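Architecture and fold: a report
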Amino acid sequence: MSEDKPANSTEKLFRIAIALKGLDGALQLVGALILAFIPSTFVTGFAHAVITRDLLGDPSGTLARHLELAAEHFADGSTKTFAVVYLMAHGAIKLALVFALARKWVRAYPVAMVVLAAFVVYEVYRAINTGSIALPFFAALDAIIIVLVFREYRQLRRQRRSAQDASQ
């Protein structure tokens, strides 16, 4: 019976992690919808208010310049379109993968790793071309998730092999 407790604890932690990833995906979808309907002038006005009230320190400082540049890129339309499409795609794909991983569909694990790797490559590419300071952070998080999915995949395959060996 004591052998079941670690497995149950591990299973609970895995379910919690999956639920958090699912919540993240849902929040990304909601964020995409909000961004789709927010006027660009609201974003630039908000950024201007933050900068002029010294909420980021010196108005000519690095953070203020990054915020101002991000707001300008958002206002020109291309960044807004990218953000909406990116968040919507990332959120929907994450929800689908969470659904498959929660059900421990072995075939979903390699798909999840490939899809997340594609996101990492695109995030890095987009960060280099836009000077974004947020995208490298998201790329690093996705890389960490790839490692975690890989470890879980190996563990699941080991468990399934052991179960097959025991039944033979």
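Residues numbered from 1 in each chain as written. Predicted model: local features only at pLDDT ≥ 70, side-chain atom pairs only at ≥ 80, totals over all residues. Heavy atoms only, no water.

1. Some thoughts on the environment of A64
Structurally, A64 can be placed in helix 3 (residues 62-75). Given a relative accessible area of 1%, A64 falls into the buried group. Separated by 16 residues in sequence, A64 and H48 place their C-alpha atoms 9.2 Å apart. (Helix = DSSP H or I, 4+ residues; strand = E, 2+ residues; numbered from the N terminus. Buried < 20%, exposed > 50% of the residue type's maximum accessible area, 1.4 Å probe, protein only.)

2. Examining the pattern of salt bridges
Tallied over the full model, the rule gives one salt bridge. Linking D24 and K94 is a salt bridge whose minimum nitrogen-to-oxygen distance equals 2.3 Å. One end of the pair, D24, is in helix 1 (residues 4-37); the other, K94, is in helix 4 (residues 78-102), and 70 residues separate them in sequence. Of the residues examined, K94 reaches a relative accessible area of 11% and is grouped as buried. (Salt bridge = Lys/Arg side-chain N within 4 Å of Asp/Glu carboxyl O.)

3. What about the packing of helix 2 (residues 40-52) against helix 3?
Packing of helix 2 against helix 3 leaves a shortest axis separation of 9 Å and a crossing angle of 170°. Viewed along their axes, helix 2 and helix 3 adopt a mutual orientation that is roughly antiparallel. Counted together, S40, V43, T44, A47, V50 and I51 of helix 2 and A64, L67, E68, A71, F74 and A75 of helix 3 form the full contact between these two elements. Here the contact of helix 2 with helix 3 is built from residues that sort into nine nonpolar, two polar and one charged. (Axes fitted to C-alpha atoms, helices over the stretch in contact; angles between N-to-C directions. Parallel < 35°, antiparallel > 145°, perpendicular 65-115°, else oblique. Contact = heavy atoms within 4.5 Å. Nonpolar A, V, L, I, M, F, W, Y, C, P; charged D, E, K, R; others polar.)

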